[in-house]
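# Working through the structure, step by step
Here's the letter readout for the chains.
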Amino acid sequence: MQISKVKQVITIAISLMIFVIGYHFLRINYLVGELGAVRGSFYFYVLSWEVLVFFSAYYILHGKKRELGLKWAIPIALIIPVLAFLATESCWDNAVRNMLFPAIIINICIYALLELGFLILFGNFNAAFIMTVFLGFYMGTVNHYVGDFRGDCFKASDILVVGTAAKVADQYHFAITDGMVRPLALLLWIIVLTRFFSFPKIKGIKKHAVMAVCGIAVIACEFMLFYYVPIFDKLGYEIYPFRPEESYAEYGATAGFIMTFQDSRIKTPEGYDTDEVTQLLAAYGDNTDSVQDMPTVIAIMNEAFSDLSVLGDFESDDYMSDWYGISDYAMRGFVYVPVCGGGTANSEFEFLTGLSMAGLNVGVYPYQQYNLENAYNIGHDLNKICGETIAFHPYTASNYNRINVYRNFEFGSYYSKDDMDKKAPVINWGVSDEADYNKLIELYENSKKPSFLFNVTMQNHGGYGAPETLTIDDYVSVGEDYKQFSSFISYLTLVRESSSAFKNLLDYFRGSDEKVIIVMFGDHEPGLMDGSMEAIHENDGSVEASSRIYMTPYMIWANYDLGHGQVEKDMSLNYLAANMYELLGIKTDYTGYLLDLQKQFPIIGVFGYKDAAGTWHSYDEQNDKIDEYFRVEYHELTGK
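From a predicted model like this one, the values you see are computed outputs, not experimental measurements. (Residues numbered from 1 in each chain as written. Predicted model: local features only at pLDDT ≥ 70, side-chain atom pairs only at ≥ 80, totals over all residues. Heavy atoms only, no water.)

For the protein, the count of helices and strands is 24 helices and 14 strands. Within the protein, contacts between residues separated by at least 24 positions form 78% of all contacts whose residues are at least 6 apart in sequence. (Helix = DSSP H or I, 4+ residues; strand = E, 2+ residues; numbered from the N terminus. Contact = heavy atoms within 4.5 Å.)

Most of strand E9 (residues 551-558) is tucked away: 8 of the 8 residues are buried. Burial along E9 is two-sided: Met551, Pro553, Met555 and Trp557 facing one way and Thr552, Tyr554, Ile556 and Ala558 facing the other are all buried. Bridge count for strand E4 (residues 329-336) against E9 is 7 bridges, and the pairing is antiparallel. In the strand pairing of E9, Val335 is matched with Thr552. Alignment of strand E8 (residues 516-522) against E9, held across 5 bridges, turns out to be antiparallel. The residue of E9 that forms the bridge with Val519 is Ile556. (Buried < 20%, exposed > 50% of the residue type's maximum accessible area, 1.4 Å probe, protein only. Pairing = 2+ DSSP bridges.)

Attention now moves to unusual backbone geometry. Cis geometry is found at the peptide bond from Lys449 to Pro450, where omega equals -5°. Mapped onto the secondary structure, Pro450 falls in the loop between helix H18 (433-445) and strand E7 (451-456). If you check the backbone angles, Asn401 has positive phi at about 65° while not being a glycine.

Residue placement: Asp293 occurs in the loop between helix H12 (274-282) and strand E3 (296-302). Residue classification places Asp293 among the exposed residues on the basis of a relative accessible area of 61%. Distance in space between the C-alpha atoms of Asp293 and Pro450 is 8.8 Å, their sequence separation being 157 residues. Side-chain polar atoms of Asp293 contact the side chain of Lys515, separated by 2.7 Å. (Polar contact = N/O pair within 3.5 Å; in protein donor to acceptor, adjacent residues only side chain to side chain.)

Let us look at a nonpolar patch on the surface. Together, Leu113, Leu225, Val229, Ile231 and Leu235 give the surface a local cluster of nonpolar side chains, amounting to about 350 Å² of exposed area. Looking at where Ile231 falls in the secondary structure, it is placed in helix H9 (residues 231-235). (Patch = residues over 30% accessible without salt bridge, like charges linked within 9 Å, V, L, I, M, F, W, Y side chains within 5 Å. Areas by Shrake-Rupley, 256 points an atom, 1.4 Å probe, with all protein chains shown as cover. Salt bridge = Lys/Arg side-chain N within 4 Å of Asp/Glu carboxyl O.)

Another aspect to go through is the pairing of E3. Here E3 lies mainly inside the structure; 7 of its 7 residues are buried. Of the pairings in the sheet, the one linking E3 to E8 comprises 7 bridges and is parallel in character. Within E8, the residue paired with Thr296 across the bridge is Val516. Looking at chain direction, E3 and E7 are connected through 5 bridges and run parallel. Bridging across to E7, Val297 finds its partner in Phe452.

The subject of this paragraph is the environment of Glu276. Tracing the sequence through the fold places Glu276 in helix H12. Taking relative accessible area as the criterion, Glu276 reaches 44% and is therefore assigned partly exposed. Taking the C-alpha atoms as reference points, Glu276 and Arg631, 355 residues apart in sequence, are found 9.7 Å from one another.

Across all of its chains, the model carries 40 aromatic pairs by this definition. Pairing Tyr237 with Tyr251 gives two aromatic rings, centres 4.5 Å apart and planes at 15°, and the pair type is stacked. A residue pair is termed long-range when its members are at least 10 positions apart, and Tyr237 in the loop between H9 and helix H10 (244-251) and Tyr251 in helix H10 qualify at 14 residues. Accessibility assignment for this pair places Tyr237 and Tyr251 in one class, buried. With 5.2 Å between their ring centres and 35° between their planes, Tyr550 and Phe607 make a pair best called tilted. Of the two residues, Tyr550 is situated in the loop between helix H21 (543-547) and E9 and Phe607 in the loop between strand E12 (603-605) and strand E13 (608-610); the sequence distance between them amounts to 57 residues. Following the ring pairs from residue to residue traces out a cluster consisting of Tyr284, Tyr593, Phe601, Tyr609, Tyr619, Tyr629 and Phe630. Above the face of the Tyr395 ring, Lys417 is positioned so that its terminal group lies 5.1 Å from the ring centre. (Phe/Tyr/Trp six-rings, centres within 6.5 Å; stacked < 30°, edge-to-face > 60°. Lys NZ or Arg CZ within 6 Å of the ring centre and 35° of its normal.)

With that settled, the discussion passes to the environment of Asn574. Note that Asn574 resides in the loop between strand E11 (571-572) and helix H22 (576-584). By relative accessible area, which is 1% here, Asn574 ends up buried. Note: C-alpha distance between Asn574 and Leu355 (219 residues apart in sequence) is 5.6 Å. Excluding residues within four positions of it along the chain, Asn574 makes contact with Glu350, Gly354, Leu355, Ser356, Leu594, Ile604 and Tyr629. Separated by 2.6 Å, the side chains of Asn574 and Ser572 make a polar contact. Separated by 3.0 Å, the side chains of Asn574 and Tyr629 make a polar contact.

Strand order in the open sheet made by the 3 strands is E12-E13-E14, with antiparallel pairing throughout. At either margin of the open sheet sits one strand with a lone partner, and together these are E12 and strand E14 (616-617).

Further remarks concern the packing of H12 against helix H24 (residues 624-638). Look at H12 against H24: their axes get within 10 Å of each other, and the N-to-C directions meet at 95°. The angle between the axes of H12 and H24 places the two elements in the roughly perpendicular class. Counting all contacts with H12, which are made through Thr274, Glu276, Val277, Thr278, Leu280 and Leu281, the residues of H24 involved are Glu628, Arg631, Val632, His635 and Glu636. Taken together, the residues of the contact of H12 with H24 break down into 4 nonpolar, 3 polar and 4 charged. (Axes fitted to C-alpha atoms, helices over the stretch in contact; angles between N-to-C directions. Parallel < 35°, antiparallel > 145°, perpendicular 65-115°, else oblique. Nonpolar A, V, L, I, M, F, W, Y, C, P; charged D, E, K, R; others polar.)

Time to look at the pattern of salt bridges. Scanning the model with the defined rule gives 11 salt bridges in all. As a salt-bridge pair, Glu442 and Lys439 come within 3.2 Å of each other at their nearest N and O atoms. Of this pair, Glu442 and Lys439 both sit in helix H18, separated by 3 residues, roughly a single helical turn. For Lys439, a relative accessible area of 11% gives the class buried. Note that Lys503 and Asp507 form a salt bridge whose closest N and O atoms lie 3.7 Å from each other. In this pair, Lys503 and Asp507 are both assigned in helix H19 (residues 486-510), 4 residues apart and thus about one turn of the helix distant. Overlapping salt bridges bring together Asp328, Lys503, Asp507 and Arg510 as one network.

Remember that the coordinates give geometry; whether it matters functionally is a separate question.
Written as structure tokens, this is what we have:
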């Protein structure tokens with residue numbers, strides 16, 4: 001048999017196999033209903049797959065391209081940015097008809113500029129077409145999964161935490177939707193068709209090198225354009241702090257992403273004056289050089305520890321009886337944190353610095369994006385007051401740039417999962433709270449006294465599988481209406497275990513002769529993908545209703561009498577360390593200012609703020625005192 005005949009037979013056989021595999025994937029997922037809800041599109045995708053495989057096989061067998069000139073290349077080049085834009089919005093199921101028309105034009109222009117950059121970089125229309133549509137598909141797909149897993153949108157700052165996200169990605173289920181299959185089919189069509197048609201391109205190594213350099217320069221200029229030109233400000237577009245998905249739906253995912261990119265810069269507040277802020281703070285005084293008889297301070301930020309009953313009523317076992325059964329607390333209530341479903345480092349930032357994310361731009365991760373060398377933080381204070389400062393997180397040390405941040409915050413030691421017993425118990429997929437607290441006790445026993453220990457736990461981190469995936473047999477029982485939500489049941493079970501572990505930790509310190517104060521709070525509510533939180537929480541879009549998804553429990557406890565009785569109050573997280581300082585008799589000018597501000601505005605969150613009368617406000621309502629706070633915050637963040 002001739003070699004050409006063998007090639008034909010092999011190509012046809014492989015093509016048939018690929019088609020059959022693709023057909024069965026579509027049949028199983030569509031006809032069973034796992035892929036998407038658009039049943040009629042099944043036949044369209046089968047036909048598309050068949051034609052794609054046929055053309056691919058034909059190209060392999062014949063390998064001939066048809067040369068097309070600029071009269072074809074230019075019109076197609078004008079269409080490609082439109083297709084890339086539609087691919088982006090399709091992937092996360094955004095209805096283009098509901099977008100603002102100027103925003104549609106801006107999104108298309110963004111892709112046109114990127115296409116131009118790719119064209120110059122590669123000197124090849126074919127490559128520019130593929131790269132542009134691929135980028136649109138990528139933007140939409142990532143936005144889809146970020147929305148699914150975190151209930152948020154893909155922001156520029158998320159690129160900086162991609163390493164952290166990658167480490168936990170295998171804990172989530174990546175489902176494919178109709179909206180993603182359509183642009184994927186489009187991308188495959190463009191890849192296949194560019195194999196059949198050849199457009200004008202640069203030839204020669206030297207010319208390619210020159211074009212590549214020019215392309216890099218053009219893309220760099222586009223980068224600067226996207227970063228600095230305030231076209232969105234001129235149009236009055238802004239990302240809604242606590243409803244970014246609505247902003248993205250109006251402006252498009254690509255434009256929204258660039259808006260968060262522009263917002264990532266630290267901007268000097270209007271009317272800021274260094275001398276004015278310095279004089280304002282000086283009135284509060286500082287006693288950190290003279291504090292006596294300090295206890296050991298332990299602060300615990302518990303991963304995804306929350307009480308979902310704040311969202312609405314649901315029937316279940318009492319999964320937090322151990323938490324609410326602690327009767328010898330000094331202070332407790334709820335803190336309003338800056339994130340939901342993810343973004344742990346931003347809650348950590350608020351607690352350690354007392355700086356509210358509400359005063360910063362949407363989508364920012366200060367740990368990743370800002371130089372925090374000069375930022376106010378309690379690590380600096382307690383390093384001066386206590387004998388030793390220790391940070392501990394039983395997971396990867398480099399997550400969220402913690403190694404550098406903890407160094408800036410003057411923690412003398414940082415312990416991570418590398419310092420844990422390799423056989424430490426696991427309940428979900430992270431080290432259990434019980435194992436975490438055992439390590440915390442070990443660090444406490446080996447530390448100088450008094451000391452400051454800051455601990456970030458890991459047990460309750462998403463994703464959340466079925467209860468059967470937990471390494472315990474006794475699950476929280478829920479009512480009939482909620483038994484369908486397996487992740488919900490798993491999460492409540494994890495919270496119950498967290499409450500029990502914390503109760504046991506306090507039992508240990510009740511037996512200690514050395515004075516200890518413990519602060520514990522949850523970093524955010526969970527990102528549950530089973531629809532349970534939406535079923536419980538009726539969000540009417542008001543500031544008050546939206547604030548509930550940012551509530552987590554907190555407690556301040558001591559094994560000795562602090563002389564303040566027992567206090568129950570809610571606050572935003574930026575106030576928590578200042579309240580702990582007040583119980584300890586520690587004063588700084590900034591925490592003094594915060595305590596004074598708290599009397600007027602007990603809650604200042606990314607979703608809005610609440611005044612002393614209990615009225616909730618949006619930041620659309622101008623308030624001189626809030627504006628003053630953001631000027632003070634800028635001073636404490638930058639040291640300027």
